[in-house]
Amino acid sequence: MADDKKLTPRAEDFSAWYNELVLRAELADHAPVRGCMIIRPNGYGIWERMQRALDTRFKETGHQNAYFPLFIPQSFLNKEAQHVEGFAPENAVVTHGGGKLLDEPLVVRPTSETIIYSSFAKWTQSYRDLPIKINQWANVVRWEMRTRLFLRTLEFLWQEGHTAHATHDEAEAETRMILELYREFMEGHMAMPVVTGLKTEAEKFAGALRTYSTEAMMQDNKALQAGTSHNLGQNFAKAFDLTFQSEAGTLEHAWNTSWGVSTRMVGGLIMTHSDDKGLRTPPKLAPVEIVIVPIWKTDEDLGTMREVAKRIVADAQAWSGRGEDRLRFHIDDREGIRPGEKYYHWELRGIPLRLEIGPRDLAGNQCMIARRDTGEKTAVSLDGLPATLADLLATMQRDMFAAALARREANSIREAISYDRFKEIMEGPGAFVSAGWNGDPAVEAQIKEETKATIRCLPDPEFRSPTAPTRCLLTGEPAKFEALWAKSY
RNA sequence: CGGGACGUAGCGCAGCCCGGUAGCGCACCUGAAUGGGGUUCAGGGGGUCGCAGGUUCAAAUCCUGUCGUCCCGACCA
């Protein structure tokens, strides 16, 4: 382990301190897979908890996990015109197999719509076969020009959901349901507030009818697209002959949706919550919620404190129940390391609560508890400790969300502003700006060119201005749409 | 592919302008004291200065080339 002390973690410059110390993530060291991420076990816990929580929700909403091939024949991708156009520049293509030139190149999946819907087509004959609702946990490859740890890696791990429905409305309902599911996860588990909304034509998924996204604000005021949910319409169904006979007897194309979130969320978590002391993990995603640091002077004390710590853990776990409800502890009884050093160690790693207990506390039937989010340290009674800890964790989860939301709101602008003012804001720290747009892609492109800001989405009502902007940015004409503008990752 | 920076000990860096044969912090090893917020003191090990040429009595330092990394931009979740 490298030297913790040298680290000056800057929330707004997380790339300077991510590696090794906090999440144990790194980029591979062989070109050209340098853009690929390696996550070692002690950081992986956060992603595993994310995965488990999402997987549970997918199953609760009627989806099943399935696994499809890594290789996609080039011809599959070619079938949907917009899709192939969108992905062709970033595809990794396998041309040789078994030492021979392949008749047809194989694309390493950048996403699995084509290979999955070709299967759906075989599985579907009647409306009774629909809906099909599956999810796949998989790694995919996109040959990016420039990579960035967590946010844009050459290969990334994600889940991609794929469904087929009999009607447009049912597919649209699925798309929106998943968007809300993502929101609940991001706000409830990650304590990361998101704006949901519709992507513009310029920003939507290649091949989709409509794309919705969740947009989170990072501590540098940039937007991070954290998840997407697409209503694919009948585009892929038509390309892959995904048809079914309706109740009325007619042959119809199915309606598809696809949606995904990736390891990018780990980057979002870091950039939303970390501070100058390191990572802060919302309790629900913390692999360890409470670290106990026993304090001792003599060997006898050490023995006593170890017993006490074990008893605290056993009592709390018995109290809190089984499975997900069970409180997660770590006892740091390492010898030869002073308590202060342990405190810094665990703060850096974002463990939500620290419980200190020594002979003096024991004599007073109490212990010290420090919160990672606020830094508060208080003495609490050992009586009823499990409930105290559980309450504190729940409070932290809420407080972290509230703090992140307050920060986003403080950096959001909803009143009408001039284009000059808009440029000024985007040249500075940036902001989430709710501003008018006339729907013209050329205007969208020109504003991107001049300010680097893009339309993150046409936001759902909760982010919109109570008094909607009446004038379009740049053109000044009456606004057709209210859009969320921001610089983004 | 354009623009910019940087390669010196395991990690982070100074030294380079003005050449004289390498240093600091952390980490590591030994010993002692210490032990409720990154202990202190004493001693110690570790580097062909990215690589290849050139200039020079002498190159980490100057010159040329080369390789690599990072940052910014185009692309993108």
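Keep in mind that this is a model prediction, so the values were computed, not measured.

If you trace the eleven strands from one edge of the open sheet to the other, you get 3-7-8-14-11-10-9-22-23-21-20, paired in mixed fashion. Across the chains shown, the open sheet's two edge strands, defined by having one partner strand only, are strand 3 (64–65) and strand 20 (412–413). In terms of strand pairing, strand 3 meets strand 7 (residues 132–141) through two bridges, oriented parallel. Among the inter-strand pairings, N65 is bridged to a residue of strand 7, identified as N135.

It is worth spelling out helix 11 (residues 385–410) at this point. Taking 1.5 Å per residue as the helical rise, helix 11 with its 26 residues ought to reach 38 Å, and the 36 Å between its terminal C-alpha atoms agrees with that figure. Taken together, the buried positions of helix 11 are occupied by L385, P386, L389, L392, L393, M396, Q397, M400, A404 and R408.

Note on strand geometry: in a regular strand, side chains alternate between the two faces of the sheet. Extensive coverage of strand 11 (residues 223–233) is indicated by the burial of ten of its eleven residues. As paired strands, strand 10 (residues 210–217) and strand 11 are joined by eight bridges and run antiparallel to one another. Looking at the pairing, E215 lines up with Q225 of strand 11. As paired elements, strand 11 and strand 14 (residues 255–262) share five bridges and run antiparallel to each other. The partner of N231 across the bridge, within strand 14, is T257.

Moving on, we come to the nonpolar core. Grouped together as the largest cluster of nonpolar side chains are 33 residues, with contacts concentrated most on M50, L54, Y182, F185, M186, M190 and M265. Of all the elements in the fold, those that place two or more residues in this core are helix 1 (41–60), helix 5 (168–188), strand 11, strand 14 and helix 7 (264–273). Top element by residues in this core is helix 1. It accounts for six residues. Residues within four places of L54 in sequence aside, it is in contact with W137, L181, Y182, F185, V261 and M265. Counting 27 residues, the second-largest nonpolar core is a separate cluster that includes L232, F236, A237 and A254.

The subject of this paragraph is the pairing of strand 6 (residues 100–108). With three bridges connecting them, strand 4 (residues 71–73) and strand 6 associate as antiparallel partners. Of the residues in strand 6, the one forming a bridge with P73 is L106. As paired strands, strand 5 (residues 92–97) and strand 6 are joined by five bridges and run antiparallel to one another. Among the inter-strand pairings, G97 is bridged to a residue of strand 6, identified as K100.

This next bit is on the packing of aromatic side chains. Any aromatic ring pair is given by two values, namely how distant the centres are and how the planes are angled relative to each other. Scanning all chains against the criterion turns up 14 aromatic pairs. Taking 6.2 Å as the distance between ring centres and 80° as the angle between the ring planes, the aromatic pair formed by W47 and W137 counts as edge-to-face. With a gap of 90 residues between them, W47 in helix 1 and W137 in strand 7 connect regions that are remote in the sequence. Each member of the pair, W47 as well as W137, is classed as buried. Between F120 and W123, the aromatic rings sit 5.6 Å apart at their centres with planes inclined by 40°, giving tilted as the arrangement. In this pair, F120 and W123 both sit in helix 4 (residues 113–123), three residues apart, roughly one turn of the helix.

What follows deals with the side chain of E289. Note on placement: E289 falls in the loop between helix 7 and strand 15 (290–294). Within polar-contact distance, the side chain of E289 engages the backbone nitrogen of R328 at 2.8 Å. Excluding residues that lie within four positions of it along the chain, E289 makes contacts with P283, R326, L327, R328, I351, P352, L353 and L393.

Further remarks concern the packing of helix 12 (residues 419–427) against helix 13 (residues 441–451). Two elements in contact, helix 12 and helix 13, have axes whose closest approach is 10 Å; the angle formed by their N-to-C orientations is 50°. The angle between the axes of helix 12 and helix 13 places the two elements in the oblique class. Residue-level inspection shows Y419, F422, K423 and M426 of helix 12 in contact with helix 13, the latter providing I447, E450 and T451.

Calculation criteria
- Positions within a chain are numbered from 1, following the residues in the order the chain's sequence is written.
- Chain labels run from A onward and ligand labels from 1 onward, assigned in the order the entries are written.
- Owing to the predicted nature of the model, reporting of local features is limited to residues with pLDDT of at least 70; listing and counting of side-chain atom pairs is limited to 80 or more, with chain, interface and lining totals taken over all residues.
- Side-chain numbers come from the whole structure's heavy atoms, not from hydrogens or water.
- Strands are labelled as partners when DSSP assigns at least two bridges between them.
- Only DSSP runs of H or I reaching four residues or more are called helices, and only runs of E reaching two or more are called strands; each is numbered from the N terminus.
- Here a helix's expected span is defined as the number of its residues, less one, multiplied by 1.5 Å.
- When accessible area is computed with a 1.4 Å probe and restricted to protein chains, residues below 20% of their type maximum are described as buried, those above 50% as exposed, and intermediate ones as partly exposed.
- Residues belong to one nonpolar core when they are buried, are Ala, Val, Leu, Ile, Met, Phe, Trp, Tyr or Cys, and are joined through side-chain atoms within 4.5 Å.
- What makes two residues a contact is simply this: any of their non-hydrogen atoms within 4.5 Å.
- Side-chain rings of Phe, Tyr and Trp, where Trp is taken by its six-membered ring, are said to pair if the distance between their centres is within 6.5 Å; with planes under 30 degrees apart they count as stacked, over 60 as edge-to-face, and otherwise as tilted.
- Under the rule applied, a polar contact is a pair of N or O atoms within 3.5 Å (in protein, one hydrogen donor and one hydrogen acceptor; residues adjacent in sequence only if both atoms are side-chain atoms).
- In this analysis, axes come from line fits to C-alpha atoms, helices being fitted only over the stretch in contact, and the angle between any two N-to-C directions falls in the range 0 to 180 degrees.
- Small angles under 35 degrees read as roughly parallel and large ones over 145 as roughly antiparallel, with 65 to 115 read as roughly perpendicular and the rest as oblique.

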